[in-house]
Amino acid sequence: MFDLRRLRLLHELSVRGTLSAVAEALAYSPSTISQQLAQLERDAGVPLLEPDGRRVRLTAQGAALAAHAARMLAADEAARAELERMQPSLAPVRLAVMQSAAHGLLPRALDALAVAEPGLRVEVAELAPEEGLFEVAARGFDLVVAEQYPGHTREHRDGLERSLLGRDAIRLAVGEATSPDVRLEDLRDRAWVMEPVGTAARQWATQQCRAAGFEPDVRFELADLTAHVRLVASGHAVGMIPDLVFAGEEPPVRLIDLPARPRRDVFTAVRRGTADRPGVRAVRQALQIAYDRDGRP
C-alpha cells in the first residue's frame, strides 16, 4: 500500500515544481523530502523522478501516480469532512484573503463567527488572489477570498469550487478638492497610483485609461490599497479603488463612477473535498454575512 503522506509529497512536487518549494510549503528539509520520495519510488517499483539540470522532474510514471495521489488526497479530505460533521468540535480553518477582503470583510466575518462558532479557530494570511487560489488547490489553505475583474477571467483549477460573495463597484478615486464632474479622460496629466505590473487590477485599470485615450503616468506602484487611499486623499495621485476597501465607512476621497459602472466579482473558493466541512461552511457563511452587511448588490 502507498503511504498517503509520501503521495502528498509527490502531488506537491507536481504542482509546485521544485523540491525546495515543497520543502518551504510543508516546513520540511529538502533532504527529508528526497528521502521520502525515494522510498515512494521503491514502493512503486518504477522510476518516479529523473534529473532535469540541477532539479528533478516527474517521469511519465511519476506524473500518473501524482494524478492518482490528487484523487486519493481528495478522498481523504472528504472522509475527514464527514467525520468532522459527526463530532461537535471543529477542525481549524486556514483562510487566505486578498488585501481588500482583509480590510473590508475579515473583522466583520470574525465577529459573526464569534457568535455562531465561538470555538472555531481561523488562521488567516494575506495573499494575492492568484497565489491564494494556487495555495488552496495545493492544500496550503482550506479557503480563499479572491476577485475577478471585468473581462479578466481567472484560471479554473481542477477540484476547486467557487461561490460568489457579490459584485464590488470599482470607482475613480480623486482628492476632495477635485471637481465632482471630472471625467477619466480629464486625468491624463495626473500622477496615478496602481497595483504592481502583472496583477489583474493593474491590467484592468491600465485598459480603462487606454480606452479613454491616454497612457497613465503611474508614479506610484503599490500593492497596499490603504496606501492608494492615502496618496489620493493627500492629493498626490488619482486611482481606481474598489468599494470593499472602505468597509462601509465614509471614504476620505471623492469617488466618481467610471463609464459603464464596472464591478469586480468577489468570490470564495474551496476544494470540493472540504466544501462540506462544518468549519469551512461556517467561515463561508460568516464571509457572506460580512459582505452583505453593507447592502452591496
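Structural data are supplied above this passage.
Quick caveat: nothing in here was measured; it's all calculated off a predicted structure. (Residues numbered from 1 in each chain as written. Predicted model: local features only at pLDDT ≥ 70, side-chain atom pairs only at ≥ 80, totals over all residues. Heavy atoms only, no water.)

Mind laying out the pattern of salt bridges, listing which residues take part and the relevant values?
Applying the stated criterion to the full structure yields 25 salt bridges. Close ionic contact of D76 with R80 constitutes a salt bridge, the shortest N to O distance being 2.9 Å. Residue D76 and its partner R80 are located together in helix α4 (residues 60–85), separated by 4 residues, close to a single helical turn. Judged by its relative accessible area of 55%, R80 falls in the exposed class. Close ionic contact of R167 with D265 constitutes a salt bridge, the shortest N to O distance being 3.1 Å. Pair noted here: R167 is in strand β6 (residues 160–174) and D265 is in strand β11 (residues 263–271), with a separation of 98 residues, a long-range link. You can call D265 partly exposed: its relative accessible area is 23%. Overlapping salt bridges bring together E77, R94, R139, D142, R271 and R277 as one network. (Salt bridge = Lys/Arg side-chain N within 4 Å of Asp/Glu carboxyl O. Helix = DSSP H or I, 4+ residues; strand = E, 2+ residues; numbered from the N terminus. Buried < 20%, exposed > 50% of the residue type's maximum accessible area, 1.4 Å probe, protein only.)

Now, about the nonpolar core: what can you tell me, with residues and values included?
In terms of nonpolar packing, the biggest core is built from 26 residues, with L95, L105, L120, V145, L165, V283 and L287 touching the most fellow members. Listed by contribution, the elements that provide at least two residues to this core are β3 (93–97), α6 (106–116), β5 (143–148), β11 and α10 (278–292). Sorting elements by how many residues they give to this core places α10 first, with 7 residues. If sequence neighbours within four positions are ignored, L105 has contacts with S100, V145, L165, L244, L287, A290 and Y291. With 20 residues, the next largest nonpolar core counts V182, L187, F214 and V238 among its residues. (Core = buried A, V, L, I, M, F, W, Y, C linked by side-chain atoms within 4.5 Å. Contact = heavy atoms within 4.5 Å.)

Account for the packing of α6 against α10, naming residues and giving values.
It is the contact of α6 with α10, at a shortest axis distance of 8 Å, that shows an interaxial angle of 125°. On the basis of the axis angle, α6 is oblique to α10. You can see that α6 and α10 cross each other, and the crossing is right-handed. From α6, R108, A109, A112 and L113 reach across to α10, where they touch A282, V283, A286, L287, I289 and A290. For the contact of α6 with α10, the class distribution of residues is 9 nonpolar, no polar and 1 charged. (Axes fitted to C-alpha atoms, helices over the stretch in contact; angles between N-to-C directions. Parallel < 35°, antiparallel > 145°, perpendicular 65-115°, else oblique. Left-handed = near helix turned anticlockwise from the far one by under 90°. Nonpolar A, V, L, I, M, F, W, Y, C, P; charged D, E, K, R; others polar.)

Could you give an account of the pairing of strand β9 (residues 239–242), with specific residues and numbers?
On β9, burial covers both faces: G239 and I241 on one face and M240 and P242 on the other are all buried. Pairing between β6 and β9: 4 bridges, direction antiparallel. Bridge pairing in β9 places I170 opposite P242. (Pairing = 2+ DSSP bridges.)

Residue-level account of α4, with values.
Between its first and last C-alpha, α4 extends 38 Å over 26 residues, near the 38 Å set by a 1.5 Å rise per residue. Taken as a whole, α4 has its buried residues at G62, L65, A66, A69, L73, E77, A81 and E84. Tucked inside the fold, the buried residues of α4 contact α1 (4–16), α3 (30–44), β2 (55–58), β11 and α10. (Expected span 1.5 Å × (residues − 1).)

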